[in-house]
Amino acid sequence: MRTEKIQLVDDIGNMIEESSYLFFVNYKGLKVDEFSELRNKLAEQEAGCHVLKNRLIRKAAELRGIDALAEIKLKDDTAMIHGAGDPGAVAKVISEFLKAHDELAPKGGFLEGAVLAKEDIDYIASLPSKEVLFAQLIGVIQAPARNLVSALNNKASEIVNVLNNYKNKLEEN
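Keep in mind the model is a prediction, meaning the values are calculated, not measured.

Draft legend 1. Inspection of the sheet that holds strand 1 (residues 21-26) at higher detail. Judged by pairing direction, the sheet is antiparallel, and its five strands sit side by side in the order 2-3-1-4-5 without closing on themselves. Since the sheet does not close on itself, it has two edges, and those belong to strand 2 (47-52) and strand 5 (114-116), each with one partner. In this sheet, neighbouring strand axes are inclined to one another by 20° on average, regardless of whether the strands run parallel or antiparallel. In the sheet, strand 1 pairs with strand 4 (residues 105-111) via six bridges, with the strands oriented antiparallel. When the bridges of strand 4 are listed, Val25 appears paired with Pro106.

And the structure:
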């Protein structure tokens, strides 16, 4: 392998290892300004987008020991979208861009050691953001304590009401 390709494979391997997610899309048919628009929207989510040869992506994954990624069969023109932020926000950008540009076609991806099908990108895009999921989880965790406090508060207020009614009855007599 030539020195340039060795360096490129090493750079791709570094991108793969530093990323918490990878999405692969077919960009064939997009105009340059449309592809630039996609890259700008992805950059807002702190994601990178690189046009790479399928063979070099597989080779980089093989050399880094990421067997699941090395076995992905990529065909045609491939752009690799990668980053370390919220994969849901990036998947939403891809899905929204796909609605406006039919030329863009998701191929799949790689998230937390698992290979993603192209349908999984839409599923990830439909999920709420991490912050919303954390808030929902905290609400579920706090619910039993909140219910216990409410139940104890209700019992205490019932006792106060009974005593108050008894006092009012004694005052009337």
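Draft legend 2. Focus on unusual backbone geometry. The phi dihedral of Glu46 is positive, around 60°, even though this residue is not glycine. When you line up the elements, Glu46 lands in the loop between helix 2 (32-44) and strand 2. By relative accessible area, Glu46 is classed as exposed at 69%. Positive phi, normally seen in glycine, also occurs at Asp76, with a value near 60°. Considering the arrangement of structural elements, one finds Asp76 in the loop between helix 4 (67-70) and strand 3 (78-83).

Draft legend 3. Molecular detail of the packing of helix 2 against helix 5 (residues 87-100). Here helix 2 crosses helix 5 at 155°, and the two axes come no closer than 10 Å. One finds that helix 2 runs roughly antiparallel with respect to helix 5. Helix 5 is crossed by helix 2, and the crossing has right-handed handedness. On helix 5, the residues touching Glu34, Glu37, Leu38, Lys41 and Leu42 of helix 2 are Val90, Val93, Ile94 and Phe97.

The rules behind the values
- For every chain, the first residue of the written sequence is number 1, and numbering continues from 1 onward in sequence order.
- Restriction of local features to residues with pLDDT of at least 70 applies here, the model being predicted, together with a cutoff of 80 or more for giving and counting side-chain atom pairs; totals for whole chains, interfaces and linings are based on all residues.
- Based on all heavy atoms of the structure, the side-chain values leave hydrogens and waters out of the count.
- We call two strands paired when DSSP finds no fewer than two bridges between them.
- Strands here are runs of E lasting at least two residues and helices are runs of H or I lasting at least four, both read from the DSSP assignment and numbered beginning at the N terminus.
- Note on geometry: axes are C-alpha line fits, over the in-contact stretch for helices, and angles between N-to-C directions span 0 to 180 degrees.
- Whether a residue is buried, partly exposed or exposed follows from its accessible area with a 1.4 Å probe, protein chains only, as a fraction of its type maximum: under 20%, in between, or over 50%, in that order.
- The cut-offs work like this: below 35 degrees is roughly parallel, past 145 is roughly antiparallel, 65 to 115 is roughly perpendicular, and the gaps in between are oblique.
- Two helices cross in a left-handed way if the nearer one is turned anticlockwise from the farther one by less than a right angle. They cross in a right-handed way if the turn is clockwise.
- In what follows, a contact means two residues having at least one pair of non-hydrogen atoms within 4.5 Å.

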